[in-house]
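# Report on the structure
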Amino acid sequence: MASSKLHAGENVGSYWRNTEGFTLQVLTGRWFMVFSSFMIMSVSGASYMFSLYSREIKSVLGYDQSTLNLLSFFKDLGANIGIISGLINEVSPPWVVITMGGVLNFFGYFMVWLAVARKIAKPQVWNMCLYIFIGANSHCSTNTGVVVTSVKNFPGTRGIVIGLLSGYLALSAAIITQIYYAFYGNDSKSLILLMAWLPTAVTFVFLPIIRHHRGVQQPNDSKAFYNFLYTTLVLAGFLMEQKIWKRKQERINSENPPKPLNITTEMPNLEKSAQAPQKQVSCWKNMFKPPSRGDDYTILQALFSLDMVFLFLATICGLGGSLTVVNNLSQIGTSLGYSPHSITTFVSLMAIWIYMGKIVQGVVSEIIIAKFKVPRPLILTLILILPCVGYLLIAFNVPNGLYAASIIIGFCFGANWPLLFSIISELFGLKFYSTLYNVGSVASPIGSYLFSVRVAGHLYDKEATRQMAALGLKRKPGEELNCNGSDCYRMAFIIISAASLFGALVSLILVLRTREFYKGDIYKKFREEARTAEAEIGLTQNKIGQPAANEG
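Now for a quick tour of the structure. (Residues numbered from 1 in each chain as written. Predicted model: local features only at pLDDT ≥ 70, side-chain atom pairs only at ≥ 80, totals over all residues. Heavy atoms only, no water.)

## Topic: the overall build of the chain
Secondary structure assignment for the chain yields 20 helices and 0 strands. Among the 552 residues that make up the chain, the fraction classed as buried is 56%. When contacts within the chain are restricted to residue pairs at least 6 apart in sequence, long-range pairs at least 24 apart make up 86% of them. With an accessible surface of roughly 23400 Å², the chain has 65% of that area assigned to carbon and sulfur atoms. (Helix = DSSP H or I, 4+ residues; strand = E, 2+ residues; numbered from the N terminus. Buried < 20%, exposed > 50% of the residue type's maximum accessible area, 1.4 Å probe, protein only. Contact = heavy atoms within 4.5 Å. Areas by Shrake-Rupley, 256 points an atom, 1.4 Å probe, with all protein chains shown as cover.)

Listed below in structure tokens is the structure:
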């Protein structure tokens, strides 16, 4: 009897030990790290939502469109200036930059909320620019820790990995919006508060999970990521259905006109290199002597490479125009005479199609490159040409054209980011990817400033002032400045269309320079490294097993 109880106790103890070991293995494994990465990215898109709360800022603080676009520029600048985060991530574990991201996110957006909610005295414009810059810059740190670590753990499927993570970043705007309606209703000021605490809370919950795994690539890795893709498509469909249902409800209850759900974009941001440095050569001596494409460039070699110059210039032209639409979509719809219901619809469409662009590019381009050896910059060229259709639909105010424009421009804007990050990793290697990833992202705020602030914002305010003068009115200090009619944005988007076509021509030069590189096997090096790592692990296990066998 006592023996039976003893055996039962041992079985129970063994069961709990096995359960504990299995649970620990799951929680510390690379696939749970992937899940944690998705969770963090799914609430990290606050910088994509500027248009959703920009009206509140413009109304409460009495800004004109140029000042509002200046804030959006600092938002884009903060969301893409992640070089410091990249450098920190080169020499520290991922939790360092992720912690930085959580702290900066809360501080930046909480201060914006205090200003908009009138909890503090009205801040100067430079104060608001600083707060928005800090809040948006937090995502550079978070995304660097998450995206770079994920690419390092799955280098052979980096296109799919970047596409999925970027897709969750785009969907995060829609996810946060649904949470916002559940908690706060239509109080857009509280949306800013939600943007302050929610990403920070989720980041700190999953912080210990994001780490580097020195493991062997498995043949079914890509299959597992395709399963994740199907899940995200279901999620996107659900969010789209929710938006359509909400629009129908708002039409029924027309007493409370809907506020446009806005999506602004920004970008993902960053990556880290886990390789130990070997021979140290002066970075200044070899900066004009780069290695072959696909090998590990130093930071200076990449910066002074003609490939980076062409990629950077093309991206400025592409992202600058798209960001102008994303950041000003609400104002564009209002000036062209669309109803609040329509504005809600096409802003929601842009959110979903930004996601679709990131997912489709990440998956489809990987298949095209693997099967047909097409240079990835050629896909970038097409992505720069296609938005011109949307720009011209806006410029000439084609009836209901803004619906199609929001889909086309949203898709191309979403596709641009994974393309940029994948091209950088393929041409310049992964050793300093954290920093180079952020260097490429700098093109976004430069384009935003040139086209959104200097072109669209300036021409919008000029036309609005002309309209007021024609009516015999004069703007009062602190009064918002609004423009109505197709002339508000016509010339701006004609200029943006020409710039985008110029960017496509520059991208074609990069296609010609890299066509031979993409004809080869660009992932061969990583398969060889995986086989070497597998052999090392097998050798280590054999050495561990020998003493145990001798003891037996």
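## Observations regarding unusual backbone geometry
Its identity as a non-glycine residue notwithstanding, Lys373 has a phi of 55°, on the positive side. Here Lys373 is to be found in the loop between helix H13 (340–372) and helix H14 (376–385). Its identity as a non-glycine residue notwithstanding, Asn400 has a phi of 60°, on the positive side. You can see Asn400 is positioned in the loop between helix H15 (387–395) and helix H16 (401–428). For Asn400, a relative accessible area of 53% puts it in the exposed group.

## Description of the side chain of Thr67
Examined against the element boundaries, Thr67 turns out to sit in helix H4 (residues 65–80). Of note is the side chain of Thr67, whose polar atom sits 2.7 Å from the side chain of Asp64. (Polar contact = N/O pair within 3.5 Å; in protein donor to acceptor, adjacent residues only side chain to side chain.)

## Here's the deal with the packing of H15 against H16
Contact pair H15 / H16: the axes reach a minimum separation of 8 Å and the direction vectors enclose 150°. For the element pair H15 / H16, the angle class is roughly antiparallel. At the point where H15 passes H16, the crossing takes the left-handed sense. The residues of H16 that touch H15, namely those facing Pro387, Val389, Gly390, Tyr391, Leu393 and Ile394, are Gly401, Leu402, Ala404, Ala405, Ile408, Ile409 and Cys412. Grouping the constituent residues of the contact of H15 with H16 by class yields 11 nonpolar, 2 polar and no charged. (Axes fitted to C-alpha atoms, helices over the stretch in contact; angles between N-to-C directions. Parallel < 35°, antiparallel > 145°, perpendicular 65-115°, else oblique. Left-handed = near helix turned anticlockwise from the far one by under 90°. Nonpolar A, V, L, I, M, F, W, Y, C, P; charged D, E, K, R; others polar.)

## Brief notes about the pattern of salt bridges
Within the structure shown, the criterion is met by 7 salt bridges. The shortest N-O distance in the salt bridge between Arg490 and Asp487 comes to 3.5 Å. When its relative accessible area of 28% is taken as the criterion, Arg490 is described as partly exposed. Each of Arg293, Asp307 and Arg513 takes part in one network of salt bridges that share partners. (Salt bridge = Lys/Arg side-chain N within 4 Å of Asp/Glu carboxyl O.)

## What about the packing of aromatic side chains?
Overall, the coordinates contain 18 aromatic pairs when judged by the stated rule. Seen from their ring centres, Tyr489 and Phe493 are 5.9 Å apart, and the 50° between their planes marks the pair as tilted. Classification of Phe493 by relative accessible area gives buried; the value is 0%. Pairwise contacts between aromatic rings join Tyr391, Tyr460, Tyr489 and Phe493 into one cluster. (Phe/Tyr/Trp six-rings, centres within 6.5 Å; stacked < 30°, edge-to-face > 60°.)

## Quick look at the packing of helix H8 (residues 158–184) against helix H9 (residues 188–206)
Contact geometry for H8 and H9: axes closest at 10 Å, N-to-C directions at 120°. In this structure, H8 crosses over H9, and the sense of that crossing is right-handed. Mapping the contact onto sequence places Ile176, Ile179, Tyr180 and Tyr184 in H8 and Ser188, Ser190, Leu191, Leu193, Leu194, Trp197 and Leu198 in H9. Partitioning the contact of H8 with H9 into residue classes produces 9 nonpolar, 2 polar and no charged.

## A few points about the nonpolar core
Counting residues in hydrophobic clusters, the biggest one holds 137 residues, and the most contacted among them are Ile57, Ile394 and Phe493. Element by element, the count of residues in this core is highest for H16, at 15 residues. In this view, Ile57 contacts Phe50, Gly62, Tyr63, Leu68, Leu71, Val116 and Ile132; residues no more than four positions away in its chain are not counted. (Core = buried A, V, L, I, M, F, W, Y, C linked by side-chain atoms within 4.5 Å.)

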